[in-house]
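So you can see what is in the structure, the chains are spelled out below.
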Amino acid sequence: MNEVSVPAARPDGDEPAAGVEPLAGVEPPGGVVRPARVPRQPGAGPDAAAPRGPGPTELLRRAVDAFTGRVLGRHQAAVVRIGFGLVWLAHLLREWPNRRVLYGDRSPWSMELAERLLGDDGAFTVLTWFGGRFWFELLYHLAVLAALGVLLGWRTRASTVLFLVTVLSLQNRDVFLGDGGDNVVHLMAVYLVFTRCAEVWSLDARRARSGRGGPAGVVLWAVLGAALAVCQFGGFSGTSLSWTGRTFPHLGWAPLFWGLWAVAGLWWVLSRLRPDGEPRAVLDALATMVHNCAMLVIAVEVVLIYATAGWYKVQGSRWQDGTALYYPLHLDYFTPWPGLSALVGSALLPVFLISYGTVMVQVAFPFTLLNRRVKNVLLAVMMLEHAGIAVVLGLPVFSLAMIAADAVFLPTGALLRAATWASRIRTGRSRWRPAP
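Structure report, in brief.

For the pair helix H2 (residues 74–94) and helix H17 (residues 412–427), interaxial distance at closest approach is 9 Å and the crossing angle is 60 degrees. One way to sum up the angle between H2 and H17 is to call them oblique. The hand of the H2/H17 crossing is left-handed. Across the interface between the two elements, His75, Gln76 and Val79 from H2 touch Thr412, Leu415 and Leu416 from H17. Of the residues contributing to the contact of H2 with H17, the split by class is three nonpolar, three polar and no charged.

What follows covers unusual backbone geometry. Here the phi dihedral of Arg155 falls at roughly 45 degrees; this positive angle occurs in a residue that is not glycine. In this structure, Arg155 sits in the loop between helix H5 (133–152) and helix H6 (156–171). We classify Arg155 as buried; its relative accessible area is 18%. Located in the positive-phi region is Trp201, a residue other than glycine, with phi close to 55 degrees. Position of Trp201 relative to the elements: it lies in the loop between helix H7 (181–192) and helix H8 (203–210). For Trp201, a relative accessible area of 31% translates into the label partly exposed.

Moving on to the packing of aromatic side chains. This model, assessed by the stated rule, comprises 15 aromatic pairs. Aromatic pair Phe130 and Trp135: ring centres 5.0 Å apart, planes at 70 degrees, arrangement edge-to-face. For Phe130, a relative accessible area of 36% gives the class partly exposed. Judged by its relative accessible area of 18%, Trp135 falls in the buried class. When the centroid spacing of 4.3 Å and the interplanar angle of 5 degrees are considered together, the rings of Trp221 and Trp261 count as stacked. Separated by 40 residues along the polypeptide, Trp221 in helix H9 (residues 216–233) and Trp261 in helix H10 (residues 253–273) bring together distant segments of the chain. Residue classification places Trp221 among the partly exposed positions, given a relative accessible area of 30%. Look at Trp261 and you get partly exposed, because its relative accessible area is 25%. In this structure an aromatic cluster arises from ring pairing among Trp129, Phe130, Trp135 and Phe236. Above the ring of Trp96, the side-chain terminus of Arg99 is found at 3.9 Å from the ring centroid.

Reading the values: the criteria
Residues numbered from 1 in each chain as written. Predicted model: local features only at pLDDT ≥ 70, side-chain atom pairs only at ≥ 80, totals over all residues. Heavy atoms only, no water. Axes fitted to C-alpha atoms, helices over the stretch in contact; angles between N-to-C directions. Helix = DSSP H or I, 4+ residues; strand = E, 2+ residues; numbered from the N terminus. Parallel < 35°, antiparallel > 145°, perpendicular 65-115°, else oblique. Left-handed = near helix turned anticlockwise from the far one by under 90°. Contact = heavy atoms within 4.5 Å. Nonpolar A, V, L, I, M, F, W, Y, C, P; charged D, E, K, R; others polar. Buried < 20%, exposed > 50% of the residue type's maximum accessible area, 1.4 Å probe, protein only. Phe/Tyr/Trp six-rings, centres within 6.5 Å; stacked < 30°, edge-to-face > 60°. Lys NZ or Arg CZ within 6 Å of the ring centre and 35° of its normal.

Read these as layout, nothing more, since geometry by itself doesn't imply function.
Printed below as a string of C-alpha cells:
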C-alpha cells in the first residue's frame, strides 16, 4: 500500500503551505475538507479570447488543394455536356432534309465565297479540303455521331474533339446562318474539350465503375492519330492545320490536336505502367486544374452573355418603351404558332412587363451570384423564359443552348434530386429513395 503524505499546513491551520495544493478527501489540520484545486489551463476562463479562424496562409493552402486535387462542378459539367450534345444533335437531325442547302453543295453561299471569307478571318473548317457531295455527307454524318457520343459520354476525350471539329467545320462553312444559339454552341464546343465532363452520368463513368477495359480505346486513339497524320502531311489541309497563327496566342490548330492526342496516349501508358506513380499523379493534377479553369471560363462566358445583352437592351429604344417583344410577335419569321403569337401580342400590359423584366433580369444576374438563393430563383426564371422563347418565337436551338449554358450555375443538390427522380421513372419504382 502506497503511503500518502499530508501537505504541510500554514501555522494558522487554514491554508496549506505556499505552492502546495491540498489533496481531495484529506482533512487538513483545520478540520475542514477542501476539494482539490485544478491548475488553470493557459487561455481558459471567461476572459480567454475566442478561437481564431484559419489565417490567410491556411485559406490559400486549402484553395490550392481544392484547385489541384478536386474536380469542381463535375455534375454541372456533365449537364453542360449532355445539353450541348443534345442541342447540336437535335439541330442536325431537324435540318437533315435541308443539309445540302445549309452547308453543302446547294448552299447559296458558294464554296468560293466561303474560301475567300475563311482566308480573311482564318476560321477553321475541313469542308474546304475536298469538294463534292461525298466529303460533305461524310462530315455531316460524322457530326451526328460525334454529337451522340458527347450526349452519351462515350469515349468522351475523342468525342469532344470530333464534336469541336464538326461544329466549327459546319458553322464556319456559312457564318450567316444561325439565330444566336450557334455562337453559344461554337464557344462551348471549344471549352468542353478541356473539361472532365464524363466523371458522372456517362458511359465512360459506368465502364470505369465496372472495371472493364479493353483495346477499344487504344484502337480509337491509333486510328485518330493516323487520320490526323494524313490530314497534317497530306498536302490538302492548307493553312487549317498550321502550327502558328496570325493572332494571339499565335498558335495554330495543329499544336492543339497533336497535343491532345499525345496527352491521351501518355495518360494511357502511365495508367497501365505506373498507376500509383508520381508522373500519373502530376498528370491527374494538371487535368484537374485545366478542368477547373475551363468551368470558370464557361461560368464567366455565361455572365458576360447576360450582362452585355442586358446593358445593350437598356440602350435600345424598343426596350425602353416596352415594345421590343411586341414587334417579333407580329413577324412571320418568329410566329411558328400564329394563334399563340396573336394571343400573347394582344395583351399589351404583359408584353410591356415581360420586356422590362427581361432587361432587369439580365442586368441583375451577375450581381445575384453573391447570394445563392436569389441566384437560384433568377436562374429558374431565365430558364423558363428561354423555354417560352423556344415555343412562342420558334428559336429552339438558341433557347436550348442558353438553358444548357445556364446549367453551370445549377446547385448540385438539385441535380442529384433530378437524377434520382429520373432514375425512379426509368426503373418504374414507386417509392422514392435518395441518390447514393
